[in-house]
Amino acid sequence: MAKHPDYPGASSRVVNGKEYWRFRANRHARQIALPGQPGDEAFEACYRRAVEGCIGKSEIIDMPGRVLSRSFGHAARRLETTMEWADFDPATQAKNSNLIERFLNMPVDPEHVLTWRDVPVEYMDADRLRTIIEGIFKTNRTVAKHMLVAVKKLLWVAIEVEKWIKPQDDPSLSIRVRIPKSTKNPAWPIAIREKYEERHPIGTPARTCYALGFWLGNRRGDIADLEWDDLVTEEIELFDGSLALIEAFAFRQKKNRNRHGGREMFIPVVDKLAAALDPLDRSKGGTVLKNGYGNPFSEKSLTGMMQHWARQADIPDGYTLHGLRRTFGTYLAECNIQARAIMEAMGHSSMTVTDDYVREANKKRIAVDIAMAINRREEKRDQMKRRATLRVVR
């Protein structure tokens, strides 16, 4: 039996060397014979009547927007009532809603008015979903990846919430969208950091922002919101059993704060960060980072300000505030810190990003080991050439 990617629900079988087509909504529905071959006028007309007839018999669910039962439109409305959806922050909800709406308005076939909004979820197969995602992938790989995630959310409703289809029938299981690793926000090389530090002395907002971004590895929202009240001194028993008074910033990350309160962070203040904070006025409290008027920066303004400060230091565009966070992760990996410790220090939710830092640092170490091995070998050869040739007498 063969399926046609342009005609969901249609399949063919060969009998005595002749191909016959049929339409069946699902494995339990009655099959409808389709005359001729795909593309024939009679085939098109019969297929359209079969699809419209099946959908016409579907129950209309009285939900906001009124949708057809067990359709993708139904799954979209149901998704918005789940507690998992409520956990998303408003920006994530808006992004997913836009992608889902774009998918729902896509025509099943360019020549028909039927859109995926009114198609039962069980009609979707892997071939058809791949065609949709590949069509987007040709113009924008990132959008294709996000679209697949959005459709997966609708399929999750159909599988886990409503039980319309079984997990093994999930058409997205075999589809993966891989996008090139981003080259934006690179880590700051030592030469770039030294150039910035030379231009912006300790005590200026530019240097304070830089120090917080680099030595804490924070995101811009956490840098903007960090307060002096977050600076604590605690007695910590170290792994060797000794006690030490440690000054550290203790706070909750802004990311995912609406979902699960944000990750709780405890980041000790290293000597260079302490030196950058030492001349700052702490008497009035509030945020650590303040502008020239003594007011806090907004989260969004820091992106533009860091670009401005970098340009003042004659640093090329592209070295950003988030790049300092990557610099911190790279620095830890180059210090041979264990991956799990880097993950905790940066507040990553998984090891995926952390492993990238460790992998890159190890690649450099391997390259250096190879170069040193080559140098040692060549040095031995040079020494051998300098030695006098010995006559071996047997």
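Going by the structure above, here's the rest.
Criteria and thresholds
- Residues numbered from 1 in each chain as written.
- Predicted model: local features only at pLDDT ≥ 70, side-chain atom pairs only at ≥ 80, totals over all residues.
- Heavy atoms only, no water.
- Helix = DSSP H or I, 4+ residues; strand = E, 2+ residues; numbered from the N terminus.
- Expected span 1.5 Å × (residues − 1).
- Buried < 20%, exposed > 50% of the residue type's maximum accessible area, 1.4 Å probe, protein only.
- Arc of directions from axis to C-beta.
- Contact = heavy atoms within 4.5 Å.
- Core = buried A, V, L, I, M, F, W, Y, C linked by side-chain atoms within 4.5 Å.
- Domains from an automatic or database assignment.
- Salt bridge = Lys/Arg side-chain N within 4 Å of Asp/Glu carboxyl O.
- Pairing = 2+ DSSP bridges.
- Axes fitted to C-alpha atoms, helices over the stretch in contact; angles between N-to-C directions.
- Phe/Tyr/Trp six-rings, centres within 6.5 Å; stacked < 30°, edge-to-face > 60°.
- Patch = residues over 30% accessible without salt bridge, like charges linked within 9 Å, V, L, I, M, F, W, Y side chains within 5 Å.
- Areas by Shrake-Rupley, 256 points an atom, 1.4 Å probe, with all protein chains shown as cover.

A. Highlighting helix α4 (residues 90-104). Relative to the 21 Å expected for 15 residues at 1.5 Å per residue, α4 spans 21 Å between its end C-alpha atoms, a close match to the ideal helical length. Taken together, the buried positions of α4 are N96, L99, I100, F103 and L104. Along α4, the residues classed as buried sweep out an arc of 140° about the axis, all on the same side. Along α4, exposed side chains directed more than 90 degrees from the buried face belong to P90, A91 and N98. Taken together, the buried residues of α4 touch α2 (72-79), α3 (83-86), α5 (126-137) and α6 (141-161).

B. Highlighting the nonpolar core. The biggest cluster of nonpolar side chains holds 45 residues, and the ones touching the most others in it are F72, F103, W116 and L154. At the level of secondary structure, the elements contributing two or more residues to this core comprise β3 (18-23), α1 (41-56), α2, α4, α5 and α6. For this core, the leading source of residues is α6, giving ten residues. When residues of this core are assigned to domains, at least three fall in each of domain 1 (10-52) and domain 2 (72-169). With residues near it in sequence (within four places) discarded, F72 still touches F103, L104, W116, R117, V119, P120, V121, M124, L154 and L155. Core analysis: the next-biggest nonpolar cluster, separate from the first, contains 43 residues, W188, C209, F214 and I223 among them.

C. Main features of the pattern of salt bridges. Under the defined criterion, the tally for this structure stands at 14 salt bridges. In this structure, R130 and E134 form a salt bridge, with 3.6 Å as the shortest nitrogen-oxygen distance. In this pair, R130 and E134 are both assigned in helix α5, four residues apart and thus about one turn of the helix distant. Classification of E134 by relative accessible area gives partly exposed; the value is 39%. Counted as one network, the salt bridges with shared partners bring together R220, D225, K254 and E299.

D. Molecular detail of helix α13 (residues 321-334). In this model α13 runs 20 Å from its N-terminal to its C-terminal C-alpha over 14 residues, within 8% of the 20 Å that 1.5 Å per residue would give. Those residues of α13 that fall on the buried side of the exposure criterion are L321, G323, L324, R325, T327, F328, G329, L332 and A333. If you follow the buried residues of α13, they end up packed against α7 (190-199), α8 (205-216), α9 (220-225), α12 (299-312), α14 (339-346) and α15 (351-386). Positive backbone phi, at 65°, marks N336, one or two positions downstream of α13.

E. Main features of the sheet that holds strand β9 (residues 264-268). If you trace the three strands from one edge of the open sheet to the other, you get β7-β8-β9, paired in antiparallel fashion. If you trace the sheet from one side to the other, it starts and ends with β7 (231-237) and β9, each paired once. Shown here is a sheet whose adjacent strand axes are inclined to one another by a mean of 45°, direction ignored. The sheet contact formed by strand β8 (residues 243-252) and β9 spans five bridges and is antiparallel. Within β9, the residue paired with F249 across the bridge is I267.

F. Expanded view of the sheet that holds β3. If you trace the four strands from one edge of the open sheet to the other, you get β1-β2-β3-β4, paired in antiparallel fashion. The sheet terminates laterally at β1 (2-3) and β4 (32-34), the two strands that pair on one side only. When strand β2 (residues 10-15) meets β3, the two strands line up antiparallel, connected through six bridges. Within β3, the position partnered with S11 by the bridge is R22.

G. How the structure looks around the packing of aromatic side chains. For the coordinates displayed, the defined rule picks out 17 aromatic pairs. Ring geometry for F23 and Y123: centres 6.1 Å apart, planes at 85°, overall edge-to-face. Remark: Y123 occurs in the loop between α4 and α5 and F23 occurs in strand β3; sequence separation between them is 100 residues. Across the pair, exposure class does not vary: F23 and Y123 are buried alike. Seen in terms of ring centroids, F72 and F103 are 5.2 Å apart; in terms of plane orientation they differ by 85°. Their pairing is edge-to-face. Residue F72 is located in helix α2, and its partner F103 is located in helix α4; the two are separated by 31 residues in the primary sequence. Residue class for F72 comes out buried when judged on its relative accessible area of 0%.

H. Structural view of a nonpolar patch on the surface. Where nonpolar side chains cluster on the molecular surface, the patch consists of I366, I370 and I374 and spans about 290 Å² of accessible area. With respect to the helices, strands and loops of the structure, I374 is situated in helix α15.

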